[in-house]
Structure formats: C-alpha cells, structure tokens
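Structure assessment
Chain by chain, the residues run as shown.
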Amino acid sequence: MIDLSTTYHGLNLKNPLVVSASPLAEELRNLRRMEDSGAAAIVLPSLFEEQINVESSELNLFLQQGTESFAESLTYFPDMTGYNLGPDGYCEHVRRAKAAVGIPIIGSLNGSSIGGWIQYARKIQEAGADALELNIYYIPTSTELTGEEVEKLYCDLVSEVKSSLHIPVAVKISAYFSSLPNMAKRLDQAGADALVLFNRFYQPDFDLENLEVVPNLLLSTSHELLLRLNWVAILFGHVKADLAITGGVHTAADVLKAMMAGARVVAMASALLRNGIGHLATLRKDMLAWMEEHEYESIRQMQGSMSQRAVADPAAFQRANYVRVLSSYSMKGVPL
Amino acid sequence: MPAQGKLREESRSGAKFENNHLFISEPNGAMLMTRSKVTIDGNEAAAYAAFRVNEVIAIYPITPSSPMGEWADQWSAESKPNLWGTIPRVVEMQSEGGAAGALHGALQAGSLATTFTASQGLLLMIPNMYKIAGELTPTVFHVSARTLATHALSIFGDHSDVMATRQTGFALIASNSVQEVMDFALLAQAATLRARVPFLHFFDGFRTSHEVAKVEELTNEDMLAMIDEELVQAHRKRALSPDHPFIRGTAQNPDVFFQERETVNPFYEACPAIVQEEMDKFARLVGRAYHLFDYVGAPDAERVVILMGSGAEAAQETVEHLTARGEKVGVLKVRLYRPFSIEHFVNSLPATVKTLATLDRTKEPGSPGEPLYVDVATAVSEGIATGKTPFKTYPRIIGGRYGLSSKEFTPAMVKAVFDEMLKEKPRNHFTVGIEDDVSHTSLEYDPAFSTEDPKTVRAMFYGLGADGTVGANKNSIKIIGEDTDNYAQGYFVYDSKKSGAVTISHLRFGPKPIHSTYLISKANFVACHQFSFLERLDMLKAAQPGATFLLNSPFGPEEVWDNLPRTTQEEIIKKKLRFFVIDAVKVARDAGMGGRINTVMQTCFFAISGILPRDEAIQAIKHAIEKTYGKRGEAIVQKNFAAVDHAVNHLHEVKVPDRVSSAFDLRRAVPEEAPEFVQKVLAKIIAGEGDDLPVSAMPIDGTFPSATAQWEKRNIALDIPVWDEEICIQCGKCILVCPHAVVRAKIYDPALLKNAPPTFKSSAARWKEFKELKYTLQVAPEDCTGCTLCVQVCPVKSKSEVKHKAINMAPQPPLREAERDNWNFFLRLPEADRRTLSLGQVKDVQLLQPLFEFSGACAGCGETPYVKLMSQLFGDRALIANATGCSSIYGGNLPTTPYAQNPDGRGPAWTNSLFEDNAEFGMGLRLALDKQTEYARELLTRLSSNLEDELVKSILSADQTTESGIQQQRERVRALHAKLAGMKTPEARDLASLADALVRKSVWIVGGDGWAYDIGYGGLDHVLASGRNVNVLVLDTEVYSNTGGQMSKATPRGAVAKFAAGGKPRPKKDLGLMAMSYGNVYVAAVAMGSSDMHTLKAFLEAEAYDGPSLLIAYSHCIAHGYDLVHGLDQQKAAVLSGYWPLYRYNPDLARLGKNPFQLDSKPPALPLEKYIYNETRYTMLTLSDPQAAKLLLQFAEEDVRNRWRVYQNMAAMPMNGAAKEAK
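First, a word on scope: everything that follows refers to the structure included in this document. Because the structure is predicted, anything quoted here is derived from the model rather than measured.

**Here's the deal with the overall build of chain A**
- When helices and strands are tallied, chain A shows 12 helices and 13 strands.
- Against the globule reference of 20 Å for 336 residues, chain A gives a C-alpha radius of gyration of 22 Å, in line with a compact fold.
- Overall, the C-alpha framework of chain A stretches about 80 × 50 × 40 Å when taken along its three principal axes.
- With 336 residues in all, chain A has 52% of them scored as buried.
- Sequence-distant contacts in chain A: of pairs separated by 6 or more residues, those separated by 24 or more amount to 71%.
- Of the accessible surface of chain A, which amounts to about 15,700 Å², a share of 53% is contributed by carbon and sulfur atoms.

Right under this line is the structure:
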C-alpha cells in the first residue's frame, strides 16, 4: 500500500493535493466534490483587504451621495439595520465549509498592509479555519521605496499576524525578491509555518482598439512549474517552514516533481478550472500508478529527494547551468 | 370641567412665563425620570407614536410627509412591534387616493389603521374621508400641513390643505412643536377610539415636520395607559365579517338620507369633552397639560391673538416678552379646531379681553374671512347671544393671514399684530410678513424687534449639500440635546437646485425651552463651510456684535484677510467678530474623507463654542460617528476619527486688522445686461432677498418669463471641460449628453472670427457640405456643474497620451474670465439653419440650439439630456405638460427656469398641473390645439374670397413634415397675419388670434416613472387609448427620485428602494408592452448611453407619428447609488445585459403590412450581475441580506430571459394582426 500522506504546517494530510484559492471554492457543493475527488485540504478564496475597504467606502459614499441637500429628498435609500461588510460574510463561509467537509479548511487573506489584518485573521481563526494563508501582494510603484522597506513590510506583517493566532500561518509570496533565500529565511524567522511559492501577479493587458488597460488573468501552464521547482529545491532544508508549490501544477508528473524538489504539498487552481474538480482523482490515480511502477512506498520518501542539497550536481540550480543551457540550444529549425 | 379648571389655574398661577408643557404641573417627577430624552424631528415623532398604535399603514410619498411613511416602513422591515407586540404592516399605494381607499378598507375590516400625507395628497383622500367620517370610524391621519398648489406649487408649510378638509367630518387637532407632535399623535388615537370621530392630526410642514428638537419620548406604558383595550375590541366588533354579516355603504333616497346624516350629531357634540378628558388623563400620566384651547399670557389681557400650529410658539415667545414689560396681551392656541367647541373657546379667554386677532395660515379668496376668523367671530357672537361668555364687553375681532408657504412668522410680526390691535380702527383682513403694495393689506413691522433669550446660543452654518454640513449639524444637535442639560433645536434650509446646493443650518440651544419657530436672524456663531460662498452670500449680515465667525479657508490665518470681500471685512471689523480659519478640505483629504468636511467643521464648532469641555466633545463626536457610520464599516469610522483628531490642530484664530483692505466685493446676483424683470425680481430671489419683494413685484397669475436660467451664473464647478480642437472629430456626443447644456457647438463663416476673443478656439468644420465653415465647441464656464459626463463619453484619445481626450477637465477659476468672454462671443455667432442640417444624425442635431439649459438638476443627471434633445428637435414649436416630480422641479422651480428661447423668440411653452393628471392635462393642450387648427382652417376657407387664393390653398395643403415645410408655413402664416391686419371683420380678427395654430405644434407630456407607472397610469392609459397626437416622454429612473427614492412599479426586481428595503420582490411593470397592446400607439424604449442614434430615431419617429407616442427613456439617477460619471456606461451595460432591450413599435409599419415591432438591441451578452452590481441599489442587498439578493438575482435573470423571449418572438412575427385584416 503506497502511502500518499504528508504533513503541511502541522496538519496531517492524506495526500499532497491541496486546492488553491479559486472561485470554485465559493460553492459548498464544490467543496464536497473536491473532498470526494481526493483533495487533502482546501484553501478558500481570498478575503481581499482592499475589497473590504472599497466595499465599505463605496457603500458609505453612495448612501451619502446627494443627501441632506434638497428639501424633498434628504436621503435616497432606506438605512438598513446592518450590513454584512468586512470579514463577516467570509467567516460565515469558513464556518459552512468546515461543516460541509471533513478535510482541513485553510482561510486566505490577500492584502498588503498591517491595517485590519490582525482582526480579520483572528475572525477567520474563530470561524474554525484550520490554517491561514497570507497572500502578501504588494506592487511597489513608488521610485522612492527601497527593496529593504518592502521586505520589512512583509516580515512585520507576518510576525504581527503570527503572534495573534494559534493556527498555522502559511505565507504566499512572489519570486520577485533580490535574494529570495534571505527573504525566505526572514519570513521563517518572522514565524511563517509554511512558504507557498509563488503567487501569480495580475498583469493587465492593453486593448488596442479602445486604447484601454484591461484586466487579464490567464490560467497557469505546467511551464510555470519550473521556476517553482528551482526555488523549492534551493530552499529545501534551509528554512524551517514547510514549502508548498502553487502555480503550474497540472499533471501527476508535476506533483511528483514538486515533491522531489522538496514541497510538502502542491496547491492547484488552474488545473481544476481547466479540467474540472474530478481532475483531482485522475492526478491521484496517476501518481499512484507512477509510484507503483517506480516502486516508491511513500510521498515522504521522495520529498526533497531532488533538492539542491540532494542532487549530485548542485550547480544544476546555479548560474553555470544557465550558461550550459544557453549554449546547448539547438538552432536547428530556427528561420534565419 | 374640574380637571381642566385646576390645571388652568396651575398653569396660570405657577411660573406663568415658563414653559407650561415640559416642566410645570408635573404630578409625578419620578415618572418623568424614566422617559428618555431624544432629539428627533416632527415627522419621526409622529411616526413613532402612530406606528405603535396601529396595525395597518397605507402610504404614498409626498413632501414633507414622506419621512413618516419611511420611518414606519423601516421599523416594519426591522421587525419592530407595535404596542401589542405585532409588527404593523406597511403598504405603499399608487397614489394618496389609493392609500385612503386601502385605509378605508382596513378600517372597515377592523384594523387600527393610519396614513401620513400632505397637500394635494390630502386632497386626494377627501372623498374617502367623508366616507370614513360618515361611518363613524376611528382613525388618525397624520398630516404635515403643506401649501396647496394654486398659482404655483410649493412644498412648504401652511394650513391650506388641512382647511380644505374641515367639512369632511374629521376632527382636526393641531400640534405646534415636535414634543406636541408625539403627544398629540397618541392623544388623537386615544380620543378617536372613544369618540368614534376620525381625527386628522396636523403640524406645520417643514417648520415642525423637519425641525429637530429634544423631546421626551413616550413609553409603551404611557401608550398602553392611554389606549383603552375595550375600545379597540369595540372597533373590531364593528368590523365587516361574514361570521356576523351586515352591509355598510348603502345607497339612499330623499326619504331617509338626511335623517341618517343627522344621527352623528351626538358624537360630534361629545367629542370635545372626550378630547379634553384624554388630555387630562395624559397630563396626569405624563405631566404635560394640554387644553382644547390653551391660553398663555396676562390673566387680565385686553388683546389676544388666536392661532394654531407652530406660529403659536413664536406668538407665545412674544407674549411672554411683552407681558414681562407689563403689556396686557395673550395668545390662545387652538388645539382642537374641529369639532369646534364654542363653550370651551369662549371660556378659555380672559374676561378682560377687548380685541381679538385671529391669524390664519391659509387664504380663502372671496370668503368673508379666513376659516379661523369666521369661526371665532361666530363663536363669540353665539357665545354672547347665549350669555355663555365671561366677557365684560363684546370684543372687537379682526383677522389676518400670515406664513403662507412657510413664510417666516416672527415675534416682530406678532408684535405688529398687537400694535394694530391698539389702534382705534385696526385693519381687518390684514396680512403680516409681506409688503402688500397692491391691496394694502399688510401690517408694517419692525424687523429689529427680537425676543430671543440672551442665554440661548444661536448658530448658523452655511454648507454645500455635498459636504455633509446638515448631517453633522443634526449630529451636533443630538449631542447637545442628549449629552447636556440644554434644550436644543435644529432647522435646516435647503436650496431650490439639486446641484451645488447651498444649505443653511439654524441651531439653537440653551437652558430655557425654545419656542422660536422662526429662522435665526441674530446669530452669535456663524460658520462658512465653503470659501466660495463668501463672494455670493452676505452671511455675516445675521452675525450679532461680538459673534464668532468660523471659515473653512484654503488661506491660512496670515493670508486669509486679503482674500475676503470688502463687505465681509467691514462686518468683521464693525461687529468685532472673533474670526477663526481652518483648511478643512486639507484636513479632510488627509484623513481620506474626500470632500466631506463635515466632521472637521463639527469638531471646530465644538472646540470654539465650548458647549462641552473639549475632550468630552471629542468623545461625544466620536460616539456619534460610531453610531452613524459603524455599520458601514470600520474604515469609515477610522477616517472620521482621523478627521476629528486633526481638526483642532489646524484651527487658527485670525488676528483681525483694523482696516478694510479688500479690492473686491460680493458678486452681482445677475449680470447687468439681464432683462428688467430678472434684475428687479429674480435677482433678489437669487440673492436670498425674496422676502423683501412686495406684492406688486409678482406676476398675478403664475406666469413667468422663460429663458431665465441663463442669468443665474452659479459657478459651482471646480473643474470644467476644455476642448482640444486638434483632435476633436466633432461627433457631438459630448454636447448630446451634457445634462446642463453647457457644452455647445456651432458652425459659422470664418469671417465672423474677426473680433473673436484671443483664446477663442475653432477648427475647420468636418462636414462634407460645410467644408468652408469653421467649427467651435464652447463650454459655458459659469453654468457647468463639473459632472464630467462629456469627458466620459468622448470617443477620441490622444495618440501620445491616451488619457487625454478631445475634451478634458481643468480647474475653473483660472479659466473663468477668458471662457466667459469666449462663451458670450460664441452666443453671438449665428445659430445653425435647421433646414440645412441632416436631423437624422447626432452630429448635425448637436448643432441645434438647446432650448433647455442650465437647469437645477443634479450634476450628471440622466433625465435632462433627453429633455434637452427634445428641446433641440421640437422646442421651437413644443407645448410641454410636465408631471410634478424631478422634471417639474428642475424645469420650473424659481428663481430661474431652464426652458429657453431661440433668436426668433420661440421656445417651449411649459406648464405643470399636478402629479396625477399630467397625461390628461397634456391631452387638453392637444385638444385645444386641434380645435384651434380646425377652426382656423374653417375661418381660412370662409375668408378665402378676401384673401389670396394661392396663400389660402398653400396654407391648407402645406406639408409640415420637414423643417423647411414648417418654416415655409410660418412664412405663409406671417403673410396671412399681414393680410388680416388690414381686415376689420370679426372673423378676420378671430382668425388673426388663431392663425399660429396653422403651424404644426408638438405636444409633449413629460414625467417620471412615479407618474407614468403609478399615480398617473390610469390617465396615461386613457390618453394613449384616445388616439390623440401627443408625445409622452417617460424619464424612467425606476424610483420616485424627487421625493427621495421610493419604490414605484418601475423599480426592478432585486433593487433596494424605500418601501422595498428588502429588495423589490416583484418585477418591473412592462409599460411599453402594455401600451403596445393597443396597436395604435408608437412605443419605444431608449437608452442614450447605449445608442444615441437609436434614441434620436425614436424621438423623430414618435413626433412624426400622427397619434399617441410613448418614449420610455432609461435615465440614470443619483438614487441608483453610483458615480454618475459612469451613467452612460451603465446604460450600455443595461442594454448589453438584456435588462433594457431597445425597441421601437411603430403602428405606421403595420399599416404598410410590416411588423410594427423592431427589436433594436442584440441578445443579452453580459451577465445581469455585471450590470446591476455596479449600483448600490442592488449591492446593498447583497450586504444586508445576501440570501435574498441571490434569490432575487436569479428571478431577475429569469425576468430578462422571459422578456427577451417575448420580444424576440414579437420581432420575428411576419406582420401584425391589423395587416392581416387589411389583406
């Protein structure tokens, strides 16, 4: 019997297949289907810090708009007794999710400032989440802001949240740090129980006909996995925090590679959006087949087996390899 | 009446000049302690009591009573129970007539039922009121008394509506203050159950309905003690029921009707005593003693004024002031006006009285006197005749009118009445408060006479509607009322315009009860919340010497002085004012509050005025912020807190120089070149001096000149659009969408540019046929509201910087002068020749002069672009009947009005009848025109032998379907006039007076959805069915916009509106489909933001169609809850989602054998939620009740699919039934 179980920031999981934050997890019936298809844990869609503030500001703005100006219409809307603003609706979803499935439910917070996070994080914990994923998503646009300041912001945020929660905290970060290993270590020291590599930045597109900047979100491809494999393999063994890979995991082979690089789990969204929730079962089946064929006993056995420190040629992850790759590129078939 | 006598003695012998309601003759002080003090307005006070003692509430919105219904609806939605633990059911009807009918039914079926209304709304209830009274049915109507429309509509307060019901058999009871409103709402309910006479409880619209005051809240125990359970059971027992059947409402004949009509007499005889007994019971219970007639004043008074309503409080204040000086005067407050108890009345007056003056807040032209005067005269005469009066001599009685339409009624005016009474021959049938230089009825008064208590603090705040000043002041009054021992009063004066509206808050507070039911004219605190007001308003006129002046200023304490107008500087020096400045805009912006400076200014007010210790004040403000904004999210609360915290640090006292240095002064209200009437009359109203206009200045019949809005330069836009002639493609879209007609274009001969101002822009006209001409797009800099719709709609983007369009916003002040010159030059350029333009093109139509300009509509209004388009196309020959609502307010509210005239002096003739009858009213216009045309043609034929044959023939057979056809006909009619001028026969004179009817006219019936879908639907339906050639334009905002967003039958499913707080559960009525069912009505649904070409086409077709036309125009509105800058995008989304399909139904096509129905938009391509969830009216439900929102969204999606299916099928039909028949 092959053992697929793994642990992830203190949670015992039946396999390394975690469902990443996506709109799929907004529906309870989908959560049940995920569990039935073999998901080991589910990260709920993110509660966006901005969304809370924007919702609240807009509601206030538009309830106020035009009021107390004209004698016949001093207001334009009934003033309700209460609004389901902020994290309340989200927490309700956490509670329902917990009641709906038996697998761990991981809450997710997306934002960039300390602000209301502590409060929201606590509420998600109180609602019953088994862990919390912080998706720190900060896009510096000021030319005055130094990398050091941005990094400090990340670390402060993690330590603030961590010190006020008792459930595990995973931190989802981007690859765009000057020294990712150092950053990882500092997040480790700030208390992160896991690092999730990497979030995918929203990159707006241009509409040439209307000369407008338009939102654009593409699903990931397996190709994106390579960047993650590279960094997980480098970090494995150097940080206490568990490592997770998200972005570019689509096939059983992708999962196995992630494990071998050193990840404890993979988190998937695009693969399920593209292939449906049932894809989880296929992955699980394919993994088992491969492991059986290659006589692996457990997932744990392979975790980190191809990390930098475990491979014969550590330079494969370094610059020397890059030079080799470039020079080995075949020019055959390139139209010149 | 022993109880009454005892209380009277107490109130006379006690501190007679103290307030005799709140603090004297309290039998049980301990009980008082258990009641909480609340700071609320009159409407809330009435609704509070009415809600608790009723089970069914039928309402319809009408100013100023709407908030009563809204409170009831909100409490019902919040599951607040009434006195018996059940939640009253609140239902909005289609009109007040409907509300009264529903109420009558509810009462007949044994419920305790009530309604709230005012003015014309009350008139619509009169037929049912006779029935309810005739059937001796207990109920109380709560009425915020409002002026009836006569020569003009007025939303303000007087007793003309209430007086029109005094013959219905309802008891009429008046309350004079917010406290009394609550008390009497309960008292009336208690009395009606006992007396079986229905009651109308009224209080003055706005003055009391909207005054915020500190009152003692009645408890459930109070109410239970007052409402007799047995009487409630008895009411139910009298109800209709098949379990013990009877019939009520028979038809009777001459033999018995009269006798039965007289059976009610004993009930009316008993009623006054019952009311007094209930008042006495209330006094024992609560401590406030009331009487049918309450006398205040010298026990040996010789002169007494008699009145009812809020004015009685000002009179009391005056009497107290005068009696303290030893004058023998008094005031009698009439509480129970019907049934009028002569006995109680005469016995309420001191025996010493020599002269009585009645004051009526209504006018009955042609009567021997106003109602109260006639009643008092009758009562005194009958009392004396029957020997029942205590009078030593027959008192002299005079009567007068005051306070129509909330005209100020001050102690100075009361004193004038007392002074008149001293005269040997006092004037009778006088007026007070105006200068009547026509009939010379008015009493002179000394405006300087004041009875204000020196201990009362009087503060005035000048704010902009959008800056939150009024809201903050309402909070301040609550804080002062509830956190201190002070009495507190707040009254708020609003603008007649909806964009850039100025608000003036009047706050009084102090240790003594406040009876000052009039505006502050001597303030010891004045705050100006907008620096730009200084050049428009002389706000320090009301500041008394030594007062404090707080100014929100972009200039600091060192620089501000030289930026003040001369008048302001003079007043600060002369009156030795303390002067403070704060840059509230900066503080608010830094705190993330945008333009909302309310909390900053509120904090400064508390900091300077010292009403509370500073820390306590800040705590109280923060507490109020939490209470107001807490439920809207922590972020909002924190921003407000930050504003409070930073305010005090940025507040500076200005060291006032001792001399005037300013080089400028207040701006003129209108430019010098404005016509005489505008200069003499409208300019005064604009300047806030309308009260000073004498009777002779006013038109006698409600007729005002049109085209006056152009003279009121409001300068309210911070940024205005600036044209980039280099990249503009001259498409005209910006002109089309401009709600205020401030963006215009002309094409003209380049030679005309010779004397153009230096910065006047032009470019080559981009028309094949006008290649030689120049084109200019010009903005009216002082009329723009800064809404930015023009920029939003501009399709052009610069190739090097995409945010730069062909029209862009830039700060107004630096541009103001140059652009003013450019605008004036532009206006002098010739208007386009309508005959040369292709009117099927938006681009060409936007060269036509708009004959609707600079209205007071909201910035970004979605209705006015349609009205403006109509005025461009047909305005020079249009008669407009306008239903009451937003479009009649921005269309016809003084001081200045937007319907304009072309250079020939032609323009829309605009009129407003009522809310409910607009379709019929417009049809009347058409009937008259048709008859006049017919008669003119008959006369023309009759006179043809005396006229040129060719002329007559060409007039009679003229084709007037085109612009040139119409213009040619105008030429012919001009020639006809010339001929007729030389003829002396009666027929020729007759024809001369009617000849203009030979030129085609266009009748437009304009109104909102409240009118078309609800109150006016019956009439609209009839007019559409009539086949008459009228054009109906429904400006569909999907709510009652003008009265503040109440649900109409046009409100879509799932949207939140007042009376649909839980989201409207049922779908929007398909008015278009209903009209199409007639087969002979042209119907189109348009949305300018989706397709301007389609809108234009529909307008042209509707007008061309010789029969009734109905245009339903999607109008984005402030009541939808989003930034109106996106209004056009929302219109687009509405169409894309399939929510608002564009279509045209043209019966002319059916006559040609074609399908009359054309579906002009594509199948739904945008999920409905992508459209609706841009708007707060929908999103707020997702926040307040997510489950309901989800369900209603599903239903709404189903509505869209169903509707589309129906329309698709209709469009697919090869032809309609009519065509088949023809075959």
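**Notes on the packing of helix H8 (residues 178-195) of chain B against helix H12 (residues 265-286) of chain B**
Residues and elements named next belong to chain B.
- Two elements in contact, H8 and H12, have axes whose closest approach is 9 Å; the angle formed by their N-to-C orientations is 135°. Comparing their axes, H12 and H8 come out oblique. Relative to H12, the crossing made by H8 is right-handed. Contacts between H8 and H12 involve Asp183, Phe184, Leu186, Leu187, Ala190, Ala191, Arg194 and Ala195 from the former and Phe267, Cys271, Ile274, Val275, Glu277, Glu278, Met279 and Phe282 from the latter.
- Here the residues of the contact of H8 with H12 are counted per class, giving 12 nonpolar, no polar and four charged.

**Topic: the side chain of His740 of chain B**
- Mapped onto the elements of the fold, His740 of chain B is located in the loop between helix H24 (733-737) and strand E25 (743-748).
- Not counting residues up to four positions away in its chain, the partners in contact with His740 of chain B are Ser499, Thr785, Glu853, Phe854, Ser855, Ala857, Cys858, Ala859 and Gly860 of chain B.

**Focus on the interface of chain B and chain A**
- Counting from both sides, the interface comprises 53 residues of chain B and, opposite them, 35 residues of chain A.
- Of all residues in chain B, Lys631, Arg632 and Leu1183 of chain B give up the largest surface area on contact with chain A, accounting jointly for 20% of the area buried on that side.
- Our count for the contact surface shared by chain B and chain A stands at four salt bridges.
- Ionic pairing is found between Glu68 of chain A and Lys474 of chain B, a salt bridge with its closest N-O pair at 3.1 Å.
- The interface formed by chain B and chain A holds 16 residue pairs in polar contact (both at pLDDT 80 or more) in total.
- When contributions to the side of chain B that touches chain A are tallied by element, the ones reaching two or more residues are helix H4 (66-77), helix H17 (469-483), helix H22 (634-647), helix H41 (1176-1184) and helix H42 (1186-1212) of chain B.
- Sorting elements by how many residues they give to the side of chain B that touches chain A places H41 of chain B first, with five residues.

**Some points on the environment of Leu112 of chain B**
All names here are of chain B.
- Inspection of the secondary structure puts Leu112 in the loop between helix H5 (96-108) and strand E4 (113-117).
- As for Leu112 and Gly403, which are separated by 291 residues in sequence, their C-alpha atoms are 34 Å apart.
- Beyond its immediate sequence surroundings of up to four residues, Leu112 is in contact with Val53, Asn54, Glu55, Val56, Trp84, Gln189, Leu193, Val232 and His235.

Conventions adopted
Residues numbered from 1 in each chain as written. Chains lettered and ligands numbered in written order. Predicted model: local features only at pLDDT ≥ 70, side-chain atom pairs only at ≥ 80, totals over all residues. Heavy atoms only, no water. Helix = DSSP H or I, 4+ residues; strand = E, 2+ residues; numbered from the N terminus. Rg over C-alpha atoms; globule rule 2.2 N^0.38 Å. Buried < 20%, exposed > 50% of the residue type's maximum accessible area, 1.4 Å probe, protein only. Contact = heavy atoms within 4.5 Å. Areas by Shrake-Rupley, 256 points an atom, 1.4 Å probe, with all protein chains shown as cover. Axes fitted to C-alpha atoms, helices over the stretch in contact; angles between N-to-C directions. Parallel < 35°, antiparallel > 145°, perpendicular 65-115°, else oblique. Left-handed = near helix turned anticlockwise from the far one by under 90°. Nonpolar A, V, L, I, M, F, W, Y, C, P; charged D, E, K, R; others polar. Buried area = accessible area lost by both parts, 1.4 Å probe. Salt bridge = Lys/Arg side-chain N within 4 Å of Asp/Glu carboxyl O. Polar contact = N/O pair within 3.5 Å; in protein donor to acceptor, adjacent residues only side chain to side chain.

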